[in-house]
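Listed here are the chains, written in short residue letters.
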Amino acid sequence: MFVLGLEAPEIASSVRAGQFVNLGWAGGPLLRRPFSVYRADGDHIEVVLKAVGAGTAQLLGMELGDRVSCLGPLGRGFELAGRSAVLVSGGLGVAPMPLVVRDARTSGMEVTWVHGARTAAELCAEAEGDTLIWATDDGSQGFHGTAVAAAPDGDVVVACGPNRMLAAVAERWPHAQVAVETYMGCGTGVCLGCAVPLRRGGYDRACKEGPVYHAADIDWSALPSHLAYAVGA
Amino acid sequence: MFVLGLEAPEIASSVRAGQFVNLGWAGGPLLRRPFSVYRADGDHIEVVLKAVGAGTAQLLGMELGDRVSCLGPLGRGFELAGRSAVLVSGGLGVAPMPLVVRDARTSGMEVTWVHGARTAAELCAEAEGDTLIWATDDGSQGFHGTAVAAAPDGDVVVACGPNRMLAAVAERWPHAQVAVETYMGCGTGVCLGCAVPLRRGGYDRACKEGPVYHAADIDWSALPSHLAYAVGA
Amino acid sequence: MNADLSVDIRGMRLRGPVLAASGTFGYGTEVPLLERRALGAMVSKGIFLRAREGTAPPRIVETPGGMLNAIGLQGPGVEALIRDFAPSWAEWDFPVLVNINGESSSEYGELAARLDGVPGVAGFEINISCPNVEQGGLYFGNDPRAAAAVTEAVRRRTKLPVWVKLTPMVSDIGVIARAVEGAGADALCAINTFVGMSIDLNAYKPRLSFRTGGLSGPAIRPLAVHLAHQAARAVRIPVIGIGGITRAEDALEFLVAGCAAVQVGTATFVNPKAIADVHDGIAAFLEAKGFSALTDLPRYLPRD
Amino acid sequence: MNADLSVDIRGMRLRGPVLAASGTFGYGTEVPLLERRALGAMVSKGIFLRAREGTAPPRIVETPGGMLNAIGLQGPGVEALIRDFAPSWAEWDFPVLVNINGESSSEYGELAARLDGVPGVAGFEINISCPNVEQGGLYFGNDPRAAAAVTEAVRRRTKLPVWVKLTPMVSDIGVIARAVEGAGADALCAINTFVGMSIDLNAYKPRLSFRTGGLSGPAIRPLAVHLAHQAARAVRIPVIGIGGITRAEDALEFLVAGCAAVQVGTATFVNPKAIADVHDGIAAFLEAKGFSALTDLPRYLPRD
Ligand SMILES: Cc1cc2nc3c(=O)[nH]c(=O)nc-3n(C[C@H](O)[C@H](O)[C@H](O)COP(=O)(O)OP(=O)(O)OC[C@H]3O[C@@H](n4cnc5c(N)ncnc54)[C@H](O)[C@@H]3O)c2cc1C
Ligand SMILES: Cc1cc2nc3c(=O)[nH]c(=O)nc-3n(C[C@H](O)[C@H](O)[C@H](O)COP(=O)(O)OP(=O)(O)OC[C@H]3O[C@@H](n4cnc5c(N)ncnc54)[C@H](O)[C@@H]3O)c2cc1C
Ligand SMILES: Cc1cc2nc3c(=O)[nH]c(=O)nc-3n(C[C@H](O)[C@H](O)[C@H](O)COP(=O)(O)O)c2cc1C
Ligand SMILES: Cc1cc2nc3c(=O)[nH]c(=O)nc-3n(C[C@H](O)[C@H](O)[C@H](O)COP(=O)(O)O)c2cc1C
Ligand code: FES
Ligand code: FES
């Protein structure tokens, strides 16, 4: 897991937790790549990523001073109001959480962050909050089991991680706010490529009405749980 | 005009003047790009180039240690035998000449190199030979006129430069050896993309029977004098 | 920059030759409209009589130099379009054409009749890359008679400009082009996406839930230039070139090849200012070449 | 690596599923033959009865993710082929098929008759993407009757395997596929290049001297996978997938989509070891997934 810093003053000053940016760069893939804003400070934002395909590999090869076109902030973020916030993240689902912590604290909420991974080695060292709970599938650190099982209740539950994990969140907390991942074309609401199937029928756009949804609103059985595509040379 | 050095021991030890290499690299254009071998020394070869399109621009952005796939040496080089060699080059047509100087001297020939450019600023600083003659279109250095007009006769005349210049060479010295430029697909003789129209009818492959030809063998009126294509994003 | 870039599409005057392609600009209200200044016209997302949900995700896959999409013509139906979008279009300083779709030629006709006279609707682009349900699901666009029938059905119900958007996967696009010209089309748009497929090697099935999708983007540009050129050679009405345009040079290829204007699609996803960039680049090209108007651009258009 | 990659194309046993595509491997004697070890079969450069000069340069243009070529089927004619190349083929440990071309179905038939029995010639690939001079220059491959007639003309003159290479620019490739299957083809090769055009903005005319060229390379892969899949659904004979394969994953898309084997073309220009790399990558994939033979690979092939 790597952190990429970008100079993007307008985004840094306006981004809300759960929003994302769409990155494009010369010599990169045809379509932009969406990334949650991980942190925002002064003129800078950060995104967190790992190499899954050609695009992320290229981003990780960037050097200080390289230019990336950064469109954002995009999408709707989390609504943070109440006394306590429980953050549930799995794997790269840590991405939106530091801003959730920031915004929840600004709203005077007490923050519990539960982060899960397969093994201790995959946990995120940078988690913060009033209470921090680790969960590992193999029990190598913290709770032996999933982050969902390890988490307490709270006024607001926000979750981000693999869609399978979010479906489990939806079972336990129908009113949880979850940030989903979909394939995206434009990121700006015009292509309808990022369809999220809704319980009431039809589809929403993850890039416009989402990526944050109330867990109960999504038809989890119709949301692809495994996004597997790779761009060939 | 820039010089790019490549570690390519097998090519360095076997390349003959007038042969070329076909370069490809990750993230580069689909097809390889052909370049004359400019110098060869120990384990290294050098090519000389300037940015004309996306491919050459990327090559010029390479850094020490970057990897380029280098296929070669390809094509037939110059035949150098006799007492004197006259080298006529225009613009980037300098590319094969240092090796011509090397091979001609190995054969005990006396070397006169005539290099032409539009202005003094475009002349090649690295020219060598027993006699060196500069020619500029605007007369800003050396002979006022073309390299072809400035050159003396010799047992062997070798020339490289824009196809228009080579056509003028063909007029003056039908038996000159000229290195032509064509579009290339494979560089290895299979695609038939690099067709050179022959006076006797039909086509030869620049990458296999060429790129060096006897000037009189080419149908200059049918050889594109302006290679204008650009690869879009 | 003073070159005159305006174009005339059979009486419809456009301030520039760069248009927004259907399905890639929504209804014009979604994208940050930085490029309105340069927009020659906008073609709306494809519309049916009734609302459609569209296909299940995944709906898009990236491919080398392109993307496949299978959106399934998701949309709100014609009544919602008239209510929610046409009023804003009526305020804009460029024309909006509605991309119309149907399962039978009478459905196309009905759509045109319903939209004719609605303020904000400046004309129609008929999408004939739809399965003809009455004829066993073959595309209208593959059959000169079906394509002509759809064109006529629309022509009879409106006095507004009628453009017909051609399907690329045909043996001879000139035949279809002449058929719809004969049926009263005012202009042709060439081309729509090519059908493609991409396989998921983990699941051993297509990546798109709809199995196939339409290929767009730079990958198809040389094919699109050829098809637009073939269409332009076959007819006297203007042809609007579409397919893989990301830069001014790309648009100029279509224009030199005989097109009157162009549409930009996928490029907008990557660069929301693509249309303005292409427009400005065309102006810069004309000026560099010493032309004062787009009409001076040399065309390569031997007639059939 | 032990996975069994051999395939059976209607009785012709190939040691691997990766073949060299016509026109991209010459006559097999030009390329540094590093990849012979992995070569399932080679299809020769397209041949006519008589020698052909080919088209004037420029003959190739690079495009996004692809290239256009207009070589014009330059070649030495059948007698020179028999004299200069077939003898070497007879020595090789993989079959060589000859890609045959003609201006009428009788020319195709004559070619087959002349080559039948020549040592080194293991079969034929009929290129039906040629203009049918007797029928006003339309491609044989666009017309099911013409395609069937050519297939029959060849079938009648030889007992060797007859493969037919399909044209992509058709409304329904299944119709052509069934027509040539019915006419006696042993296998189908899908697909040949798409027709494209690229414009020179300095000269205001096409970059290729022939004006149009065939598009190959990664750009066309999603279209080729779809067409090969459609062909495979339509017939019972094996289909060999072609178009834009550069890596094992690309080849596997065609194989999962129902192809029995694949051909690699343009990729060889870039990487002379492409065929070996694709072959080895398929073996590695099968082993990683726990399959011991290519025949175990799951296929996505709902029948029409
Ligand atoms: C709203 C949103 C926010 C995101 N935030 C982050 C983030 O903060 N950090 C991060 O690392 N990633 C994030 N992603 C996922 C990220 O966009 C993809 O991993 C990235 O696009 C992959 O690009 P690539 O070129 O490397 O991979 P490709 O070569 O395109 O694909 C390779 C593999 O990547 C995966 N993949 C591709 N596209 C996506 C996608 N859109 N979503 C999920 N998986 C994908 C597939 O499993 C595929 O097998 C987010 C996605 C969305 C929609
Ligand atoms: C045998 C041979 C030897 C060569 N040696 C050299 C050399 O030593 N140094 C050098 O700088 N160049 C050399 N070239 C030309 C070089 O290969 C091209 O300039 C290069 O391929 C351009 O690639 P690009 O991606 O930058 O340009 P592209 O984007 O592909 O094209 C941009 C412009 O480059 C020009 N161009 C493209 N391809 C060619 C080509 N094959 N030949 C000539 N012009 C072309 C066109 O004018 C075009 O407008 C040689 C070409 C051949 C055939
Ligand atoms: C996501 C998406 C949706 C599209 N929707 C429509 C549509 O509703 N109607 C239509 O006629 N064309 C539609 N198209 C096709 C485009 O208008 C255009 O013809 C095609 O994308 C080729 O142009 P491009 O390469 O510039 O994208 C769509 C294309 C994309 C990528
Ligand atoms: C330079 C070149 C020459 C070709 N010549 C022939 C030919 O003679 N006969 C034929 O049937 N196909 C010919 N083809 C088509 C290829 O065999 C293949 O079908 C096509 O290139 C698509 O595959 P690819 O994308 O892997 O290159 C040629 C292709 C190229 C690029
Ligand atoms: S990504 Fe295009 S509408 Fe959401
Ligand atoms: S470049 Fe392919 S034959 Fe010469």
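Conventions used here
- Residues numbered from 1 in each chain as written.
- Chains lettered and ligands numbered in written order.
- Predicted model: local features only at pLDDT ≥ 70, side-chain atom pairs only at ≥ 80, totals over all residues.
- Heavy atoms only, no water.
- Contact = heavy atoms within 4.5 Å.
- Buried area = accessible area lost by both parts, 1.4 Å probe.
- Salt bridge = Lys/Arg side-chain N within 4 Å of Asp/Glu carboxyl O.
- Polar contact = N/O pair within 3.5 Å; in protein donor to acceptor, adjacent residues only side chain to side chain.
- Helix = DSSP H or I, 4+ residues; strand = E, 2+ residues; numbered from the N terminus.
- Buried < 20%, exposed > 50% of the residue type's maximum accessible area, 1.4 Å probe, protein only.
- Pairing = 2+ DSSP bridges.
- Patch = residues over 30% accessible without salt bridge, like charges linked within 9 Å, V, L, I, M, F, W, Y side chains within 5 Å.
- Areas by Shrake-Rupley, 256 points an atom, 1.4 Å probe, with all protein chains shown as cover.
- Lys, Arg positive; Asp, Glu negative; His and termini not counted.
- Charge placed at Lys NZ, Arg CZ, Asp CG, Glu CD.
- Axes fitted to C-alpha atoms, helices over the stretch in contact; angles between N-to-C directions.
- Parallel < 35°, antiparallel > 145°, perpendicular 65-115°, else oblique.
- Left-handed = near helix turned anticlockwise from the far one by under 90°.
- Nonpolar A, V, L, I, M, F, W, Y, C, P; charged D, E, K, R; others polar.
- Phe/Tyr/Trp six-rings, centres within 6.5 Å; stacked < 30°, edge-to-face > 60°.
- Lys NZ or Arg CZ within 6 Å of the ring centre and 35° of its normal.
- Near = heavy atom within 4 Å.
- Domains from an automatic or database assignment.

## Brief notes about the interface of chain C and chain D
Size of an interface, as often reported, equals the accessible area lost when the parts are brought together. Taken together, the contacts link 45 residues of chain C with 45 residues of chain D. The contact between chain C and chain D buries some 3,800 Å² in all, and 68% of this surface belongs to carbon and sulfur atoms. If you sort the residues of chain C by the area they bury against chain D, C:Met197, C:Leu201 and C:Tyr204 come out on top, with a joint share of 19%. On inspection of chain C and its partner chain D, the count reaches two salt bridges. In this structure, C:Glu253 and D:Arg207 form a salt bridge, with 3.5 Å as the shortest nitrogen-oxygen distance. Where chain C packs against chain D, one counts nine residue pairs in polar contact (both at pLDDT 80 or more). Elements with a contribution of two residues or more to the side of chain C that touches chain D: strand S11 (194–196), strand S13 (205–206), helix H6 (221–234), helix H7 (248–256) and helix H9 (274–289) of chain C.

## Notes on the pairing of strand S8 (residues 110–117) of chain A
Residue and element names in this part refer to chain A. Burial runs high along S8: seven of the eight residues are buried. Pairing analysis gives seven bridges linking strand S7 (residues 84–90) to S8, with the strands arranged parallel. Residue pairing for S8: Val-88 is matched across the bridge by Val-114. As paired strands, S8 and strand S9 (residues 131–136) are joined by six bridges and run parallel to one another.

## Some points on the pattern of salt bridges
Residue and element names in this part refer to chain C. Within the structure shown, the criterion is met by 34 salt bridges over all chains. With a closest N to O distance of 2.9 Å, Asp-186 and Arg-155 form a salt bridge. Here the residue Asp-186 occupies a position in the loop between helix H5 (173–182) and strand S10 (187–190), and Arg-155 occupies one in helix H4 (residues 144–155), the gap between them amounting to 31 residues. Shared partners join several salt bridges into a network, and the residues in it are Arg-10, Arg-155 and Asp-186.

## Things to note about a negative patch on the surface
A contiguous patch of negative charge, built from A:Glu63, A:Asp66, B:Glu63 and B:Asp66, is present on the exposed surface. Looking at the element boundaries, A:Asp66 is found in the loop between helix H2 (54–60) and strand S6 (69–74).

## Some words on the sheet that holds strand S3 (residues 33–36) of chain A
Residues and elements named next belong to chain A. Reading across the sheet, the three strands line up as S3-S2-S6 and stay open at both edges, with antiparallel pairing between neighbours. The open sheet has two edge strands, S3 and S6, and neither has a second partner. Ignoring strand direction, the axes of neighbouring strands in this sheet form an average angle of 25°. Bridge count for strand S2 (residues 20–24) against S3 is four bridges, and the pairing is antiparallel. Note on S3: the bridge partner recorded for Phe-20 is Ser-36.

## Things to note about the packing of helix H6 (residues 221–234) of chain D against helix H7 (residues 248–256) of chain D
When two helices pack together, their arrangement is given by the angle between their axes and by how far apart the axes lie. Residue and element names in this part refer to chain D. Relative orientation of the contacting elements H6 and H7 amounts to 25°, with a least axis distance of 9 Å. On the basis of the axis angle, H6 is roughly parallel to H7. For the element pair H6 and H7, the recorded crossing hand is right-handed. In contact with Arg-221, Ala-224, Val-225 and Ala-228 of H6, H7 contributes Asp-250, Glu-253 and Phe-254. In terms of residue class, the contact of H6 with H7 is made up of four nonpolar, no polar and three charged.

## Quick look at H7(C)
All names here are of chain C. With eight of its nine residues buried, H7 lies for the most part within the structure. The set of residues buried in H7 consists of Ala-248, Asp-250, Ala-251, Leu-252, Glu-253, Phe-254, Leu-255 and Val-256. Gly-258 occupies a position one or two residues after H7 and carries a positive phi of about 110°.

## Considering the packing of aromatic side chains
Residues and elements named next belong to chain D. Considering all chains together, one arrives at nine aromatic pairs over all chains under this definition. Summarising the aromatic geometry, the rings of Tyr-27 and Phe-85 are spaced 4.3 Å apart at their centres and angled 10° between planes, so their arrangement reads as stacked. Of this pair, Tyr-27 sits in the loop between strand S3 (18–20) and strand S4 (42–43) while Phe-85 sits in the loop between helix H1 (78–84) and helix H2 (86–89), placing them 58 residues apart in sequence. The pair Tyr-27 / Phe-85 is uniform in exposure class, with both members buried. Over the ring of Phe-48 we find Arg-52; its NZ or CZ atom is 4.0 Å from the centre of that ring.

## Quick word on the site of ligand 3
Residues in close proximity to ligand 3 total 24 residues, the closest being C:Ser22, C:Lys165, C:Gly217, C:Gly244 and C:Thr266. Those chains with residues close to ligand 3 are chains A and C. Between C:Asn192 and ligand 3, the recorded distance is 3.3 Å, taken from a side-chain N or O atom to an oxygen atom. C:Thr266 is positioned with one of its side-chain polar atoms (N or O) 2.6 Å from an oxygen atom of ligand 3. Compared with its free state, where it exposes 610 Å², ligand 3 has 98% of that area covered by protein. The class makeup of the residues in the shell around ligand 3 is seven nonpolar, 15 polar and two charged.

## A look at the side chain of C:Thr266
Note on placement: C:Thr266 falls in the loop between strand S16 (261–264) and helix H8 (267–270). With a relative accessible area of 8%, C:Thr266 lands in the buried category. At a separation of 2.7 Å, a polar atom in the side chain of C:Thr266 contacts the side chain of C:Ser216. In this structure C:Thr266 touches A:Leu30, C:Thr24, C:Met67, C:Ser216 and C:Gly217, once residues within four positions along its chain are discounted.

## Here we look at the domain arrangement of chain A
Residues and elements named next belong to chain A. Domain annotation of chain A identifies domain 1 (2–74) and domain 2 (84–222). Across the contact, 19 residues belong to domain 1 and 19 residues belong to domain 2. Across the domain 1/domain 2 interface, buried area totals approximately 1,600 Å², and carbon plus sulfur atoms make up 64% of it. Broken down residue by residue, the surface that domain 1 buries against domain 2 is led by Ala-17, Phe-20 and Tyr-38, which jointly contribute 33%. One can count zero salt bridges joining domain 1 with domain 2. At the junction of domain 1 with domain 2, the criterion picks out three residue pairs in polar contact (both at pLDDT 80 or more).

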